[in-house]
Amino acid sequence: MADSLTPERRSWNMSRIRGKNTKPELLVRRMLHAKGYRYRLHGTARGGRLPGNPDLVFAGRHKVIFVNGCFWHFHGCRVGQHAPKSNAEFWETKRTRTRNRDAEQRRLLESSGWEVLTVWECELKDLSALEQQLDTFLGAPAPRRENNSYATSEM
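Residues numbered from 1 in each chain as written. Predicted model: local features only at pLDDT ≥ 70, side-chain atom pairs only at ≥ 80, totals over all residues. Heavy atoms only, no water.

Tell me about the overall build of the chain, residues and numbers included.
Along the backbone of the chain there are five helices and six strands. Along the chain direction, N to C, the helices and strands of the chain fall in the order α-α-β-β-β-β-β-α-α-β-α. When the 155 residues of the chain are sorted by exposure, 34% land in the buried category. The long-range share in the chain, meaning contacts at least 24 apart out of those at least 6 apart in sequence, stands at 52%. Within the structure as shown, the chain displays about 10,600 Å² of accessible surface, and the carbon and sulfur contribution to it stands at 52%. (Helix = DSSP H or I, 4+ residues; strand = E, 2+ residues; numbered from the N terminus. Buried < 20%, exposed > 50% of the residue type's maximum accessible area, 1.4 Å probe, protein only. Contact = heavy atoms within 4.5 Å. Areas by Shrake-Rupley, 256 points an atom, 1.4 Å probe, with all protein chains shown as cover.)

Quick rundown of the environment of Ala-83? Include the residues and the values.
Here Ala-83 shows up in the loop between α3 (78-81) and α4 (88-111). For the pair formed by Ala-83 and Phe-71, sequence separation is twelve residues and the distance between their alpha carbons is 8.5 Å.

An account of the pattern of salt bridges is requested, with residue identities and associated values reported.
This model, assessed by the stated rule, comprises five salt bridges. For Lys-35, the salt bridge identified is with Glu-131, shortest N-O distance 3.1 Å. Taken as a pair, Lys-35 in the loop between α2 (23-34) and β1 (40-41) and Glu-131 in helix α5 (residues 127-138) lie far apart in primary sequence, 96 residues in all. A salt bridge links Lys-35 to Asp-135, with the shortest nitrogen-to-oxygen separation between them at 3.1 Å. Highlighted residues: Lys-35 in the loop between α2 and β1 and Asp-135 in helix α5, separated in sequence by 100 residues. Residues joined in a network through salt bridges with shared partners are Lys-35, Glu-131 and Asp-135. (Salt bridge = Lys/Arg side-chain N within 4 Å of Asp/Glu carboxyl O.)

Kindly report on the packing of α2 against α5, identifying the contributing residues and their values.
Running from amino to carboxyl end, α2 crosses α5 at an angle of 65 degrees, the nearest separation of the two axes being 11 Å. Between α2 and α5 lies a crossing whose hand is right-handed. The segment α2 lies against α5, with Leu-27, Val-28, Met-31 and Leu-32 engaging Leu-127, Leu-130, Glu-131, Leu-134 and Leu-138. Each residue belonging to the contact of α2 with α5 can be placed in one class, and the counts come to eight nonpolar, no polar and one charged. (Axes fitted to C-alpha atoms, helices over the stretch in contact; angles between N-to-C directions. Left-handed = near helix turned anticlockwise from the far one by under 90°. Nonpolar A, V, L, I, M, F, W, Y, C, P; charged D, E, K, R; others polar.)

A description of the nonpolar core should follow, citing residues and the corresponding values.
Residues Val-28, Leu-32, Phe-58, Ile-65, Val-119, Leu-130 and Leu-134 are the most contacted members of the largest nonpolar core, which totals 15 residues. Secondary-structure elements contributing two or more residues to this core are α2, β4 (56-58), β5 (63-68), β6 (115-120) and α5. Here this core takes four residues from α5, the largest share from any one element. Those residues within four positions of Val-119 in sequence are excluded, and the remaining contacts are Val-28, Ile-65, Phe-66, Val-67, Asn-68, Leu-124, Leu-130 and Leu-134. Core analysis: the second largest hydrophobic core is formed by nine residues, Leu-50, Val-64, Leu-109 and Trp-114 among them. (Core = buried A, V, L, I, M, F, W, Y, C linked by side-chain atoms within 4.5 Å.)

Provide a residue-level description of the pairing of β6, including the pertinent values.
A large share of β6 lies buried, amounting to five of its six residues. Bridge analysis of β5 against β6 gives six bridges, and the strand direction is parallel. When the bridges of β6 are listed, Lys-63 appears paired with Glu-115. (Pairing = 2+ DSSP bridges.)

No statement about biological role is implied by the geometric values presented.
What follows is the structure in structure tokens.
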């Protein structure tokens, strides 16, 4: 199928795609925050930057989460395996470079003692399975504060 957009419009559209605060990342952040987990954003931990700037950093647990788009990071699902036909060599090179960079950043984090989880965009379709995967990765559920815990105690 031919591209229905002009090359200029396609270039403009692609330039608007960002790597931080994406919809999938925001969904994961909201889910974890509602469950009581607290985290730092975009690779900051203990005053420094971590390799690859993970989307979520749980410094106390020494764990990080990347939320990756299937197309951009070459996931094994249908979307990740779709290769654009126009300018195919460029896209193959770009996506291969991204996959290699991801693997190197993961290796650096793991060799520094960090546990790494990658959440793929396609996994957001089943939120209950995603929630279970996140809870398993982060260990026991974080303690939740009750809003009225002081008001219910009797004297």
